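Listed below are the residues making up each chain.
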Amino acid sequence: MTKWALVVDVDKCIACYACFVACKDEFWANDYPPYSLGVKKREQTLIRLVKRERGKFPYVKVHYMPILCMQCDKPPCIKVAKNNAVYKREDGIVIIDPEKAVGQREIVNACPYGVISWNDERNLPQKCTFCVHRVEDGKIPRCVQACPSNALIFGDLDNPKSEVSKMVKSGLAEQFHPEYNTKPNVYYLNLYKMTKYFVAGKVVLRDTDECAEGVEVALINEKTGESRTTLTDSFGKFEFDGLELNIKYRIKLNRPGYISKELSLILEEDTYLGNIFLDRAHDLR
């Protein structure tokens with residue numbers, strides 16, 4: 001049986017707002033009974049883009065993430081809806097009945113992701129439907145069609161040959177806020193860029209005042225003993241991402257012919273260590 005799902009690659013989202021515009025174009029003033037009625041021209045959207053800035057000058061990273069209805073397997077909106085105003089189809093798509101849901105504002109507040117909006121012109125709660133009217137015609141959702149960077153991948157989760165199914169089974173695609181226990185069917189690749197933290201730095205050779213390429217840098221989690229290793233790039237830069245806060249880390253730097261160096265820190269925010277100088281071994285004899 002078909003089960004529709006969406007995978008969003010945070011790393012590919014370029015904040016072009018094509019998904020936002022396409023969604024608005026598809027649903028503004030357009031009714032698709034029995035699944036949805038048209039949304040307001042202003043002050044209402046079925047998909048939103050979240051921006052996250054990380055770090056501080058001179059090392060700043062910016063990422064974006066589209067958020068829309070998660071098409072949950074255990075949707076809280078169904079629990080609060082009266083008269084079966086919200087239901088889940090066999091293919092996994094959650095629908096707010098545009099006739100039965102009139103006046104039921106409590107449906108909006110039931111969603112922990114905040115993706116249900118209130119249309120005061122229609123007196124109706126509304127949300128993304130995965131463009132079910134298009135899906136039934138063999139088409140993909142408008143947001144997926146419009147995305148120029150292929151950050152949105154739509155497909156059948158129950159089809160082992162589909163790209164979506166392969167991504168989810170790989171373990172790389174994650175659910176957003178799994179602690180909500182709603183079992184969403186929208187997954188994210190590279191979600192750590194929106195939810196976790198980094199430590200980075202630049203290694204410089206003191207004797208030549210040049211960027212040190214190829215320096216081995218190890219990051220050790222003092223709590224678990226877990227170790228990660230990388231090499232500095234041609235600019236002497238290194239970075240470890242996907243880290244947890246309030247953990248003590250030890251950083252070890254090694255390069256042949258130079259004295260090894262160790263640094264320790266408790267990660268309290270995204271951190272850039274700046275220039276880290278290595279001294280030649282013979283210089284300190």
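This text follows the structure it describes.
A brief structural summary.

What to know about the overall build of the chain
Scanning the chain from terminus to terminus reveals seven helices and 18 strands. What you see for the chain is a C-alpha radius of gyration of 24 Å, clearly larger than the 19 Å of a compact globule of 285 residues, by over 25%. Projected onto its principal axes, the C-alpha coordinates of the chain cover approximately 85 × 35 × 35 Å. Counting the 285 residues in the chain, one finds 49% classified as buried. Contacts in the chain between residues far apart in sequence, at least 24 positions, make up 58% of those at least 6 positions apart. Computed over 42 positive and 39 negative side-chain charges, the inter-centroid distance for the chain is 2 Å.

Describing helix H1 (residues 18–27)
Counting buried residues along H1, seven of its 10 residues qualify, which places the element largely inside the surrounding structure. By the burial criterion, the buried members of H1 are Ala18, Cys19, Ala22, Cys23, Lys24, Glu26 and Phe27. Those residues of H1 that are buried lie in contact with helix H4 (132–135), helix H5 (142–146) and strand E8 (152–156). Trailing H1 by a residue or two, Ala29 shows a phi angle of about 65 degrees, which is positive.

Examining the sheet that holds E8
A sheet is described by the order of its strands in space; here four strands give the open sequence E8-E1-E10-E9, paired in mixed fashion. One side of each edge strand has no neighbouring strand; the edge strands of this open sheet are E8 and strand E9 (174–175). By the bridge criterion, five bridges tie strand E1 (residues 4–9) to E8 in an arrangement that is antiparallel. Looking at the pairing, Val7 lines up with Ile153 of E8. Contacting E1, E8 and strand E10 (186–189), helix H6 (residues 163–170) crosses the sheet at an angle of about 100 degrees to E8.

Structural notes on the packing of aromatic side chains
Under the counting rule described, the total for this entry stands at 10 aromatic pairs. Seen in terms of ring centroids, Phe176 and Tyr188 are 6.0 Å apart; in terms of plane orientation they differ by 65 degrees. Their pairing is edge-to-face. Here Phe176 is found in the loop between E9 and E10, whereas its partner Tyr188 is found in strand E10, with 12 residues between them in sequence. According to the relative accessible area criterion, Phe176 is buried, its value standing at 12%. One aromatic cluster is present, formed by Tyr113, Phe176, Tyr180 and Tyr188 through successive ring pairs. Over the aromatic face of Tyr197 sits the side chain of Arg52, whose NZ or CZ is 4.9 Å from the ring centroid.

Remarks on the pattern of salt bridges
Taken as a whole and judged by the stated rule, the model has 22 salt bridges. The partner of Lys40 in a salt bridge is Glu43, and the shortest N-O contact between them spans 4.0 Å. For Lys40, a relative accessible area of 8% gives the class buried. You can call Glu43 exposed: its relative accessible area is 76%. Of the charged contacts, one joins Glu262 and Arg250 as a salt bridge, the two residues approaching to 3.8 Å between their closest N and O atoms. Pair noted here: Glu262 is in strand E17 (residues 261–266) and Arg250 is in strand E16 (residues 248–254), with a separation of 12 residues, a long-range link. Connected through shared salt-bridge partners, Arg52, Arg54, Asp241 and Asp270 make up one network.

Considering a nonpolar patch on the surface
Side chains of Phe57, Val60 and Val62 sit close together on the surface and give an oily, nonpolar patch of about 320 Å² of accessible area. With respect to the secondary-structure elements, Val62 resides in strand E3 (residues 59–67).

With respect to the sheet that holds strand E14 (residues 227–231)
Taken in spatial order, the four strands make up an open sheet running E14-E13-E16-E17, and their pairing is antiparallel. Every other strand in the sheet has two partners, leaving E14 and E17 as the edge strands with one partner each. Within the sheet, the average angular offset between the axes of one strand and its neighbour, ignoring direction, is 20 degrees. Here six bridges tie E16 to E17, and the two strands are oriented antiparallel to one another. When the sheet's bridge partners are listed, Arg250 is paired in E17 with Ser264.

Conventions and cut-offs
Residues numbered from 1 in each chain as written. Predicted model: local features only at pLDDT ≥ 70, side-chain atom pairs only at ≥ 80, totals over all residues. Heavy atoms only, no water. Helix = DSSP H or I, 4+ residues; strand = E, 2+ residues; numbered from the N terminus. Rg over C-alpha atoms; globule rule 2.2 N^0.38 Å. Buried < 20%, exposed > 50% of the residue type's maximum accessible area, 1.4 Å probe, protein only. Contact = heavy atoms within 4.5 Å. Lys, Arg positive; Asp, Glu negative; His and termini not counted. Charge placed at Lys NZ, Arg CZ, Asp CG, Glu CD. Pairing = 2+ DSSP bridges. Axes fitted to C-alpha atoms, helices over the stretch in contact; angles between N-to-C directions. Phe/Tyr/Trp six-rings, centres within 6.5 Å; stacked < 30°, edge-to-face > 60°. Lys NZ or Arg CZ within 6 Å of the ring centre and 35° of its normal. Salt bridge = Lys/Arg side-chain N within 4 Å of Asp/Glu carboxyl O. Patch = residues over 30% accessible without salt bridge, like charges linked within 9 Å, V, L, I, M, F, W, Y side chains within 5 Å. Areas by Shrake-Rupley, 256 points an atom, 1.4 Å probe, with all protein chains shown as cover.

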